[in-house]
Amino acid sequence: VQLQASGGGLVQAGGSLRLTCTASGNIFSIIRMGWYRQAPGSQRELVAVINSRGITNYSDSVKGRFTVSRDNAKNTAFLQMNNLKPEDTAIYYCNADIMTITRRFSNYWGQGTLVTVSS
């Protein structure tokens, strides 16, 4: 199983970006998909996650600005980020809890995509 993240980049404060994460491999079901981020000198933190039923959970720092969604048929999750702030600058990592076709349950990480917000 692999997670491929894309969509990062450089944007001015107040701008928007959309991150995409696609899971591939011997997937039976994706229980939960989401995004974490890690800023320089900081620990990795939860940004937003969504489960197979569409229930979401957000960090307080992004509520009202970020929206996580998923396309179950395409094993893909999205993170729409609006009204970006310089403090949102970080490497964003896709994460997923996946059950494989052999009924093995594991947690997976994508490679990370850099989001830079200039003031």
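Placed above this text is the structure.
Residues numbered from 1 in each chain as written. Predicted model: local features only at pLDDT ≥ 70, side-chain atom pairs only at ≥ 80, totals over all residues. Heavy atoms only, no water.

Caption draft 1: Seen up close, the environment of Ala-90. Positionally, Ala-90 belongs in strand β9 (residues 90-100). The buried category is assigned to Ala-90, whose relative accessible area is 2%. Taking the C-alpha atoms as reference, Ala-90 lies 9.8 Å from Gly-8; in sequence the two are 82 residues apart. Not counting residues up to four positions away in its chain, the partners in contact with Ala-90 are Arg-37, Gln-38, Ala-39, Thr-113, Leu-114 and Val-115. (Helix = DSSP H or I, 4+ residues; strand = E, 2+ residues; numbered from the N terminus. Buried < 20%, exposed > 50% of the residue type's maximum accessible area, 1.4 Å probe, protein only. Contact = heavy atoms within 4.5 Å.)

Caption draft 2: View of the nonpolar core. Within the largest apolar cluster, 30 residues are counted, with the highest numbers of intra-cluster contacts made by Trp-35, Leu-79, Met-81 and Tyr-92. Contributing elements (two or more residues each) for this core: β1 (2-6), β3 (17-24), β4 (27-38), β5 (45-51), β7 (66-71), β8 (76-81), β9 and β11 (113-118). Among the elements that take part in this core, β9 stands out by supplying 5 residues, more than any other. Among residues more than four places away in sequence, those in contact with Met-81 are Gly-15, Ser-16, Leu-17, Leu-19, Arg-65, Phe-66, Tyr-92 and Val-115. (Core = buried A, V, L, I, M, F, W, Y, C linked by side-chain atoms within 4.5 Å.)

Caption draft 3: Geometry of the side chain of Asp-97. With respect to the element layout, Asp-97 can be found in strand β9. Residues in contact with Asp-97, not counting those within four places in the same chain, are Ser-29, Ile-30, Ile-31, Arg-32, Phe-105, Ser-106 and Asn-107.

Caption draft 4: Representation of the packing of aromatic side chains in the model. Throughout the structure, instances matching the rule amount to 2 aromatic pairs. Measuring from ring centre to ring centre gives 5.1 Å for Tyr-36 and Trp-109, while their planes differ by 65°; the resulting arrangement is edge-to-face. With a gap of 73 residues between them, Tyr-36 in strand β4 and Trp-109 in strand β10 (residues 105-109) connect regions that are remote in the sequence. Tyr-36 sits in the buried class, given a relative accessible area of 17%. Judged by relative accessible area, Trp-109 falls into the partly exposed class, the value being 39%. By way of ring pairs, the aromatic residues Tyr-36, Tyr-93 and Trp-109 are connected into one cluster. Across from the ring centre of Phe-78, 4.1 Å away, lies the NZ or CZ of Arg-18, which sits over that ring. (Phe/Tyr/Trp six-rings, centres within 6.5 Å; stacked < 30°, edge-to-face > 60°. Lys NZ or Arg CZ within 6 Å of the ring centre and 35° of its normal.)

Caption draft 5: Looking closely at the sheet that holds β3. The antiparallel open sheet is built from 4 strands, whose spatial order is β1-β3-β8-β7. This sheet does not close on itself; its edge strands, each paired only once, are β1 and β7. On average, adjacent strands in this sheet sit at an angle of 15° to one another, irrespective of strand direction. Relative to β3, β1 is paired through 5 bridges, and the arrangement is antiparallel. (Pairing = 2+ DSSP bridges. Axes fitted to C-alpha atoms, helices over the stretch in contact; angles between N-to-C directions.)

Caption draft 6: The arrangement of the pairing of β11 in detail. Residues of β11 alternate between two faces, with Thr-113, Val-115 and Val-117 buried on one and Leu-114, Thr-116 and Ser-118 left unburied on the opposite face. Note that strand β2 (residues 9-12) and β11 share 4 bridges and pair parallel. Each residue of the ladder has a partner; that of Val-11, found in β11, is Val-117. The pairing of β9 with β11 spans 3 bridges and is classified as antiparallel. Each residue of the ladder has a partner; that of Tyr-92, found in β11, is Thr-113.

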